[in-house]
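Observations on the model geometry
Below, each chain spelled out in residue letters.
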Amino acid sequence: MERSVYFDNAATTPIRKEVIESMHSVLLDTYGNPSSSHSFGRSAKTQIETARKNIANHFNANPQEIIFTSGGTESDNMLIRCSVQDLGVETVITSRIEHHAILHAVEFLAQNKLAQVFYVKTDTEGVVDYNDLAHLLAADDSKKLVSLMHINNEIGSILDLERVSNLCKIHNALFHSDAVQGVGHYAIDLEKIHIDFLSASAHKFHGPKGVGFSFVRKNSGLNPFILGGSQERGLRAGTESVHNIVGMAKALEIAYLNLDEEQGYLKRIKQYAVNELKAAFPDIHFNGCCSDLDRSTCTLVNVAIPVPEDKASLLNFHLDLKGIACSKGSACQSGSAKGSHVLEEVVPEEFKSRPSIRFSFSIFNTIDEIDYLVQTLSSFVEGH
Ligand SMILES: Cc1ncc(COP(=O)(O)O)c(C=O)c1O
């Protein structure tokens, strides 16, 4: 029988059953508009505020600091653009391996001369050069925002949030982190680590699509960015997506309740995948530092696979045919096909001609599925 294996959890995760149940109940019974003053409205408002409080608790944050949005892209755009518009930020420091939600937002700022943008150096492991960051922060007296992602969505390298936060403190800069790939998978204590702004998205931690949140530290001075009603303390107007918000809170509750157990499971899955891939393909290249479980997320590997040149373009098609869902992404070669901007930065020249693939895991994956993947890859490469 044909198999169906989902290894694309960094793109999106399946919703947990309990999350669907919580959303279902809201959709059926709590249909009031949270802004209405009657009992139907008040019930919906209570659901939202309970969700806000529970979400804030996971991060040691204040409920007022959680602003619901439509997801990671909106949070990233809003936080970057409003920092410049409202807080007098003149310089944004980011990296070339951020998600496009950040890169395109900062390009917009630079093109329209709203802020100058500098890109901190990153190495072939996808690790930020902290000395270069300190140097950029000290370069002039302009008001600065540092925007660096917590976990890279393509290669999985983990940022040292505390180190960046300390550097920002020394230089009196604001710090935003796109934590879309980290929230729900790793603990983040916002009381311990001074981060001014953070972006999260529910569909990356087994919640619904189209909902996320921004953490906006108290007294940040941000002005409303969607104008209209007084929802979300006036910052983001619009009737709240109650079922999505409740679903997100449920997904996060389960994620953090089971964090150690699920992280342990994912680490075993990933380590097994790394070992089996190495055994099957001794000269495989792990992009960034993704084979190192201490420095990269337990949720993914990204590999440059040694495939004979004549077969390289067929690899993704073959995996899809075999029921394996994953994400392709290759460094672009001699400027031809548009490749991944992240791999372009981190993959050493000698591996750039190989197809690179990201396999990203969730707790619903099994060791048996990794065996199937490695067998499928081996028979494709060996030609039988
Ligand atoms: C690191 C990162 N930032 C932002 C986003 C965008 O999030 P959303 O899909 O919720 O808009 C993604 C999604 O792929 C991501 O991985």
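What this report covers is the structure whose coordinates are included nearby.

Reading guide: rules and limits
- Every chain begins its residue count from 1, and numbering advances along the sequence as written.
- For this predicted model, a pLDDT threshold of at least 70 governs which residues receive local features, and a threshold of 80 or more governs which side-chain atom pairs are given and counted, while totals over whole chains, interfaces and linings are taken from all residues.
- The side-chain figures draw on all heavy atoms in the structure; neither hydrogens nor water molecules are used.
- Helix and strand definitions follow DSSP, with helices as H or I runs of at least four residues and strands as E runs of at least two, each counted in order from the N terminus.
- Note on exposure labels: buried denotes an accessible area under 20% of the residue type's maximum, exposed denotes more than 50%, and partly exposed covers the range between, all computed with a 1.4 Å probe on protein chains only.
- We call a set of buried Ala, Val, Leu, Ile, Met, Phe, Trp, Tyr and Cys residues a nonpolar core when their side-chain atoms join them within 4.5 Å.
- Here a pair means two rings of Phe, Tyr or Trp (six-membered ring of Trp) with centres within 6.5 Å. Their orientation is stacked below 30 degrees between planes, edge-to-face above 60, and tilted elsewhere.
- Note on method: axes are straight lines fitted to C-alpha atoms, helices fitted across the in-contact stretch only, with angles between N-to-C directions ranging 0 to 180 degrees.
- Relative orientations are named as follows: roughly parallel for angles under 35 degrees, roughly antiparallel for angles over 145 degrees, roughly perpendicular for angles from 65 to 115 degrees, and oblique for any other angle.
- Here a crossing is called left-handed whenever its near helix is offset anticlockwise from the far helix by less than a right angle, and right-handed whenever the offset is clockwise.
- We call two residues in contact when some of their heavy atoms are within 4.5 Å.
- When residue character is reported, Ala, Val, Leu, Ile, Met, Phe, Trp, Tyr, Cys and Pro are called nonpolar, Asp, Glu, Lys and Arg charged, and the others, Gly included, polar.

Digging into unusual backbone geometry
- Its identity is not glycine, yet Lys113 carries a phi of approximately 55 degrees, on the positive side.
- Structurally, the position occupied by Lys113 is in the loop between helix H4 (100-111) and strand S4 (116-120).
- Residue Lys113 is classed as exposed on the basis of its relative accessible area of 74%.

Here we look at the environment of Asn57
- Looking at the element boundaries, Asn57 is found in helix H2 (residues 39-58).
- With relative accessibility at 51%, the residue Asn57 sits in the exposed group.
- Between the C-alpha atoms of Asn57 and Arg81, which are 24 residues apart in sequence, the distance is 27 Å.

Section: the nonpolar core
- Within the largest apolar cluster, 50 residues are counted, with the highest numbers of intra-cluster contacts made by Phe59, Val183 and Phe213.
- Among the elements that take part in this core, helix H7 (residues 242-257) stands out by supplying 8 residues, more than any other.

Focus on the packing of aromatic side chains
- Under the definition given, this model contains 5 aromatic pairs.
- With 6.3 Å between their ring centres and 80 degrees between their planes, Phe7 and Phe359 make a pair best called edge-to-face. Here the residue Phe7 occupies a position in the loop between strand S1 (5-6) and helix H1 (17-29), and Phe359 occupies one in strand S13 (residues 356-360), the gap between them amounting to 352 residues. Per residue, the accessibility class of Phe7 equals that of Phe359, and both read buried.
- Between Phe7 and Phe361, the ring centres sit 5.5 Å apart and the planes meet at 90 degrees, which makes this aromatic pair edge-to-face. Here the residue Phe7 occupies a position in the loop between S1 and H1, and Phe361 occupies one in the loop between S13 and helix H11 (367-382), the gap between them amounting to 354 residues. Of the two residues examined, Phe7 and Phe361, each falls in the buried class.
- A connected cluster of aromatic rings, assembled from ring pairs, spans Phe7, Phe359 and Phe361.

Describing the packing of helix H8 (residues 259-280) against H11
- One can describe the packing of H8 onto H11 by two numbers: an axis separation of 10 Å at closest approach and a directional angle of 20 degrees. Classed by the angle they form, the pair H8 and H11 counts as roughly parallel. Crossing hand, H8 versus H11: right-handed. Taking contact as the criterion, the partners of Arg268, Ile269, Tyr272, Ala273, Glu276, Leu277 and Ala280 in H8 are, on H11, Ile367, Ile370, Asp371, Val374, Leu377 and Ser378.
- Split by residue class, the contact of H8 with H11 holds 9 nonpolar, 1 polar and 3 charged.

Treat this as a map of the structure, not an account of what it does.
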